[in-house]
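Single-letter residue listing:
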Amino acid sequence: MKLLLINPNTTEAITGLVCAEARKVAAPTTTITAATGRFGARYIASRAAYAVAGHAALDAYAEHGADADVIALTCFGDPALLALKEIAHQPVVGMAEASCRVAAADGGRFAIVTGGERWQSMLMEFVTTLGLADRLAVVATVAPTGADIARDPDRALALLAEACTAAVRQHGADRVILGGAGLAGIAPRIADRVPVPLIDSLVACVGMAEALAAAPPPKPSTGDLAATPPVESVGLSGPLARLMAG
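Residues numbered from 1 in each chain as written. Predicted model: local features only at pLDDT ≥ 70, side-chain atom pairs only at ≥ 80, totals over all residues. Heavy atoms only, no water.

Draft legend 1. Region of the structure containing the overall build of the protein. Tallying secondary structure elements over the protein gives 10 helices and 8 strands in all. Taking 18 Å as the expected radius of gyration for a compact globule of 246 residues, we find that the protein reaches 17 Å, a close match to that expectation. Along the three orthogonal principal directions, the C-alpha set of the protein runs to about 50 × 35 × 35 Å. Counting all 246 residues of the protein, 52% fall into the buried class. Relative to all contacts within the protein whose residues are 6 or more apart in sequence, the contacts with residues 24 or more apart total 70%. Accessible surface, the protein as shown: approximately 10,900 Å² in total, 55% of it carbon and sulfur. Charged side chains in the protein number 19 positive and 23 negative. The centres of these two groups are separated by 3 Å. (Helix = DSSP H or I, 4+ residues; strand = E, 2+ residues; numbered from the N terminus. Rg over C-alpha atoms; globule rule 2.2 N^0.38 Å. Buried < 20%, exposed > 50% of the residue type's maximum accessible area, 1.4 Å probe, protein only. Contact = heavy atoms within 4.5 Å. Areas by Shrake-Rupley, 256 points an atom, 1.4 Å probe, with all protein chains shown as cover. Lys, Arg positive; Asp, Glu negative; His and termini not counted. Charge placed at Lys NZ, Arg CZ, Asp CG, Glu CD.)

Right, dumping it as structure tokens:
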């Protein structure tokens, strides 16, 4: 099974991090490749960067996605998730989508802890689009961005553990998602400091991607996620323009 990780951040080190962590949890039969955003922000931490990252994710899929069995969007917040589901011929799952659905699967309420203060309202809106707003206890952010945390994760461990514990004690979360590409692999390091299960967003994403690849749902023939109708475009990369043209 071929899994393509799309990192719409433009930082190759983040791509390397998610690849390394994904390989630790993927099945031995899963082949992992990755694509990094060709343009845009080094790390997504604002609405403007998020909007550009959506284009970068589509561009990366058009360039690298043809031979994959399943696509994983490895930027927490999932820019262009629905657009990728519409345009791709294989299943697509996002890191935030997967972890929220895993967190909500057993009932109770879940919290999200991530880096970058502007993500709070953006993620609350995203959870609403999944139909899980009533299950969300809180979105808690810490001041360092995911990129800052990825550069020096040791310095962030105590801060993240404190934020996770506060989500449980002050907001009643039954599970906590540690979200973000830059936070991949941190959950096991602080799990013993948090009184409820921690969910690593990348682990949830890889698991859901493998499940979708094993039993891929049929592509909708009608509705808003049916195949993209052909459209002419201007200024796009060659692969994306051809994909848009059908």
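Draft legend 2. Here's a closer look at the sheet that holds strand β1 (residues 2–7). The strand order β2-β1-β3-β4 describes an open sheet built from 4 strands, whose pairing is parallel. At either end of the open sheet lies a strand with only one pairing partner, and these are β2 (31–36) and β4 (92–94). The average angle at which neighbouring strand axes cross in this sheet is 25°, direction not considered. Taken strand by strand, helix α9 (residues 201–214) contacts β1, β3 (70–73) and β4, and its axis lies near 165° from that of β4. (Pairing = 2+ DSSP bridges. Axes fitted to C-alpha atoms, helices over the stretch in contact; angles between N-to-C directions.)

Draft legend 3. Geometry of the pattern of salt bridges. Under the counting rule described, the total for this entry stands at 7 salt bridges. Of the charged contacts, one joins R175 and D106 as a salt bridge, the two residues approaching to 2.6 Å between their closest N and O atoms. Taken together, the residues R175 in strand β7 (residues 175–178) and D106 in the loop between α4 (95–104) and β5 (110–115) connect sequence positions 69 residues apart. Judged by relative accessible area, which is 61%, D106 ranks as exposed. Notably, a salt bridge pairs D148 with R151, separated by 2.4 Å at the nearest N-O pair. You can see D148 and its partner R151 sitting in helix α6 (residues 146–151), 3 residues apart, about one turn around the helix. On the basis of relative accessible area, R151 is assigned to the exposed category, the value being 62%. (Salt bridge = Lys/Arg side-chain N within 4 Å of Asp/Glu carboxyl O.)

Draft legend 4. Looking closely at the nonpolar core. Core analysis: the largest hydrophobic core is formed by 63 residues, its most contacted members being L3, L5, I6, C100, F110, I112 and I177. Ranked by residue count, the leading element in this core is helix α2 (residues 47–64), at 7 residues. Contact partners of I112, with chain neighbours within four places excluded, come to F76, C100, L123, V127, L136, V138, V139, A140 and I177. In terms of nonpolar packing, the next biggest core, distinct from the first, is built from 25 residues, A111, V138, A173 and L183 among them. (Core = buried A, V, L, I, M, F, W, Y, C linked by side-chain atoms within 4.5 Å.)

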